[in-house]
Amino acid sequence: MLAKLKRGLVLAAFAWVVAPVPTQTFDTIVRHGRIIDGTGNPAYFADLAIANGRIAAIGKIMGKAKVEIDAAGQVVAPGFIDVHTHADDVAKFPLAENFIQMGVTTIIAGNCGSSAKNIAELFSEIEHVHVSPNFATLIGQGTVRAEAMGGSFDRPPTAREMTAMKGTVEQGMKDGAVGMSTGLIYLPGTFTKTDEIVELTKVLAPYNGIYTSHMRDEGAKILDSLNEVFRIAREAGVRAEVSHIKLSSNDAWGRTAEVLAAIEHARAEGLEITQDEYAYTASSTGISQLIPDSAREGGRQKFLARVGNAETKAGIVAEMRASLEHHQRKDFAYAVIAEYKHDPALDGMNIPAAAKARRGSESVADQIELILDIESHGGAQGVFHGINEDDLQVFMRHPNTMIACDSGVREFGKGVPHPRGYGNNARVLARYVRELGVLRLEDAIRRMTSLPAQTFHFKDRGQLRAGDWADVVIFDPATIQDHATYEDPHHYPTGIQYVLVNGVVVLKDGKHTGATPGMVLRNQPVAN
Ligand SMILES: [Zn+2]
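Computed from a predicted model, the values in this text were never measured in an experiment.

**A short note on the nonpolar core**
Moving on, step 1. If you look at the biggest cluster of nonpolar residues, it comprises 85 residues, and the most contacted ones within it are Leu429 and Phe475.
Moving on, step 2. Take this core: its biggest share by element is seven residues, from helix α7 (residues 222-236).
Moving on, step 3. Contacts of Phe475, omitting those with residues within four sequence positions, involve Gln74, Val75, Ala77, Phe80, Leu429, Leu441, Ile445, Ile480, Gly495, Ile496 and Gln497.
Moving on, step 4. One finds Ile291, Tyr334, Val364 and Ile374 within the second-largest nonpolar core, a separate group that totals 27 residues.

Listed below in structure tokens is the structure:
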């Protein structure tokens with residue numbers, strides 16, 4: 001009762017200061033909402049009118065609309081922009097429901113060095129199929145390198161291969177990619193020396209493209225990795241994003257202050273360095289990352305030959321044992337199988353449990369045998385519990401950290417994938433804003449909206465501002481909740497009532513409407 005009275009008073013107060021908008025007919029009016037505009041500025045109460053896909057007015061709206069949404073008691077925010085996704089196959093899953101259900105209205109794909117080879121073809125496919133969210137992409141350096149060099153090889157490119165790579169990146173930028181990503185723990189990215197990346201990244205500069213990186217090391221050597229990012233940004237003359245910032249092994253935990261100081265130092269020098277993060281203490285990537293690069297170099301046939309030879313196999317096993325020791329781990333229990341097509345019964349089991357199930361023993365020797373066996377049968381996706389909660393919160397508090405899930409489009413019910421693809425934004429708003437108070441609500445929204453829009457140059461998105469595209473999320477900050485867990489990830493969040501993309505309702509009362517108003521967002525190198 002008191003809360004209701006208070007709200008009435010605030011509404012009455014704002015009626016004085018918000019100028020009435022002349023009577024007019026709109027497509028949609030969202031009334032009585034608490035507007036959080038995406039800039040980080042404090043919330044205020046107002047109506048929001050939409051016409052022709054764009055925000056027509058914000059204030060006391062006197063006119064009428066075909067669709068009226070009552071947002072009393074709800075927050076009205078810009079649609080969330082997720083700068084780090086692996087939703088490269090959105091044309092295959094055009095509703096992208098896990099993203100829409102989290103309030104994400106714009107996704108950036110092509111991360112961690114992996115993207116479509118032909119950006120123009122990808123865009124025309126998406127525009128032909130029609131998808132729910134807006135879509136932008138980076139071009140993946142790993143994809144480009146593998147294509148030019150005929151596979152994943154641990155050698156520098158020839159001059160001809162370098163020319164081919166530059167040509168592919170340049171074409172990608174002309175086609176509208178927003179920048180280039182690297183994944184320097186993956187094959188073939190890991191075989192790329194810094195000079196090679198600098199040379200390729202120079203291609204981005206005239207197109208105002210961003211360089212994003214899954215860095216070479218997110219553990220004990222993280223400062224070297226950051227220095228590599230800074231050098232690339234400096235020498236190529238581009239801005240750079242540190243993807244999914246984290247300290248991913250316990251020998252590096254607690255070094256957040258050093259990491260953030262290094263980034264601040266680089267910014268003080270004049271470099272534009274920003275970062276993104278997901279709100280979970282586990283990461284997710286291929287189980288193959290547990291196997292040394294040298295064992296997998298050159299592709300699958302070479303890997304099979306190496307594990308088929310007793311001597312080379314002994315070397316691989318020794319390296320895997322040494323790596324455990326180096327990271328102060330007694331076994332591979334921190335690694336969980338998320339999706340293994342060859343043997344889906346193992347999905348959701350950690351490596352010791354899976355070794356016990358398939359080999360009758362959870363000894364480290366059997367765990368290693370199982371990991372090599374998985375790779376021999378096409379590999380599996382994994383979830384890796386290696387991040388410290390305190391570190392996660394320190395990185396989250398840094399004002400230049402965006403919220404991004406690092407997930408692909410999820411197929412509901414398939415495998416036991418990382419929960420971040422279902423819960424990330426809702427988890428930030430529930431756990432880190434409402435429960436723990438790590439971020440103010442307005443600040444959390446800023447990291448999901450205007451900060452990514454500014455960083456990736458989406459000039460008319462990421463804020464609630466008259467004239468901008470009407471990407472809008474309406475949610476209840478008191479009840480918003482993620483429900484996806486590591487054990488049982490296939491649950492959408494609750495508390496998000498409406499999601500609009502380009503003025504079209506794609507989520508209503510928590511249900512996907514089937515609408516596909518998403519646009520391809522091409523890089524706009526020239527200021528306008
Ligand atoms: Zn990554």
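Additional details are given in the paragraphs that follow.
**Focus: empty space enclosed by the protein**
Moving on, step 1. Scanning the model with the defined rule gives one cavity of 30 Å³ or more in all.
Moving on, step 2. Looking at the largest cavity, its volume works out to about 60 Å³.
Moving on, step 3. Around the largest cavity, the lining residues are His244, Ile245, Lys246, Leu247, Glu277, Tyr278, Tyr280, Ile387, Asp391, Leu392 and Phe395.
Moving on, step 4. Top element by residues in the lining of the largest cavity is helix α14 (residues 389-397). It accounts for three residues.

**Here we look at helix α5 (residues 159-175)**
Moving on, step 1. For α5, spanning 17 residues, the distance from its first C-alpha to its last is 24 Å, which sits close to the expected 24 Å at 1.5 Å a residue.
Moving on, step 2. If you check which residues of α5 are buried, you get Glu161, Met162, Met165, Val169, Gly172, Met173 and Asp175. The arc enclosing the buried residues of α5, seen along the axis, measures out at 170°, which places them on a common side. Along α5, exposed side chains directed more than 90 degrees from the buried face belong to Ala159, Arg160, Thr163 and Lys174.
Moving on, step 3. Contacts from the buried residues of α5 go to α3 (119-129), β10 (139-140), α4 (141-149), β11 (179-183) and α6 (194-201).
Moving on, step 4. Where α5 ends, the next residue or the one after it, Gly176, has phi of about 115°, a positive value.

**Some remarks on the coordination of the zinc ion**
Where a metal carries four tetrahedral donors, each ideal angle is 109.5 degrees; where it carries six octahedral donors, the ideal angles are 90 or 180 degrees.
Moving on, step 1. Note on the zinc ion: its protein donors are Cys112 (SG), His214 (ND1) and His244 (NE2). The metal-donor distances range over 2.1 to 2.3 Å.
Moving on, step 2. Counting the intervening residues between successive donors of the zinc ion yields the motif C-x101-H-x29-H. Pair noted here: Cys112 is in the loop between β8 (104-109) and α3 and His244 is in the loop between β13 (240-242) and α8 (256-269), with a separation of 132 residues, a long-range link. In this pair, the class of Cys112 matches that of His244, namely buried.

**Describing the domain arrangement of the protein**
Moving on, step 1. Segmentation of the protein into domains returns domain 1 (2-73), domain 2 (80-281 + 400-455) and domain 3 (285-385).
Moving on, step 2. Each of domain 1 and domain 2 was reduced to a C-alpha centroid, and the two centroids are 35 Å apart.
Moving on, step 3. Residue-level contacts link eight residues of domain 1 with seven residues of domain 2.
Moving on, step 4. Roughly 550 Å² of surface becomes buried between domain 1 and domain 2 when both sides are summed, with 61% attributable to carbon and sulfur atoms.
Moving on, step 5. Taken as a group, Ile36, Gly38 and Gly40 account for 71% of the area that domain 1 buries against domain 2, more than any other trio of residues on that side.
Moving on, step 6. The interface formed by domain 1 and domain 2 includes zero salt bridges.
Moving on, step 7. If you look at where domain 1 meets domain 2, you find three residue pairs in polar contact (both at pLDDT 80 or more).
Moving on, step 8. Considered class by class, the residues forming the side of domain 1 that touches domain 2 number three nonpolar, four polar and one charged.

**Brief notes about the sheet that holds strand β12 (residues 210-214)**
Moving on, step 1. Spatially, β10-β11-β12-β13-β14-β18 is the arrangement adopted by the six strands of the open sheet, whose pairing is parallel. The two strands at the open ends of the sheet, each matched to only one other strand, are β10 and β18 (401-403).
Moving on, step 2. Summarising the sheet, β11 and β12 pair through five bridges and their orientation is parallel. From the neighbouring strand, Met180 faces β12, where its bridge partner is Tyr211.

**Some thoughts on the side chain of Asp47**
Moving on, step 1. Position of Asp47 relative to the elements: it lies in strand β3 (residues 44-51).
Moving on, step 2. Dropping the residues within four chain positions of it, Asp47 is found in contact with Ile29, Val30, Arg31, His32, Ala57, Ile58, Gly59, Lys60 and Ile61.

**Brief notes about the environment of Val520**
Moving on, step 1. Among the structural elements, Val520 can be located in the segment after β22 (511-512).
Moving on, step 2. Discounting chain neighbours no more than four positions away, the residues touching Val520 are Phe123, Ile126, Glu127 and Phe135.

Criteria and cut-off values
Residues numbered from 1 in each chain as written. Predicted model: local features only at pLDDT ≥ 70, side-chain atom pairs only at ≥ 80, totals over all residues. Heavy atoms only, no water. Core = buried A, V, L, I, M, F, W, Y, C linked by side-chain atoms within 4.5 Å. Buried < 20%, exposed > 50% of the residue type's maximum accessible area, 1.4 Å probe, protein only. Helix = DSSP H or I, 4+ residues; strand = E, 2+ residues; numbered from the N terminus. Contact = heavy atoms within 4.5 Å. 1 Å grid on protein atoms, 1.4 Å probe; cavity = no way out; pocket = protein on both sides within 12 Å on 5 of 7 lines; lining within 4 Å. Points joined across faces, edges and corners; volume = space filled by probe spheres on them. Expected span 1.5 Å × (residues − 1). Arc of directions from axis to C-beta. Donors = N, O, S within 2.8 Å, 3.2 Å for Na, K, Ca; no water. Domains from an automatic or database assignment. Buried area = accessible area lost by both parts, 1.4 Å probe. Salt bridge = Lys/Arg side-chain N within 4 Å of Asp/Glu carboxyl O. Polar contact = N/O pair within 3.5 Å; in protein donor to acceptor, adjacent residues only side chain to side chain. Nonpolar A, V, L, I, M, F, W, Y, C, P; charged D, E, K, R; others polar. Pairing = 2+ DSSP bridges.

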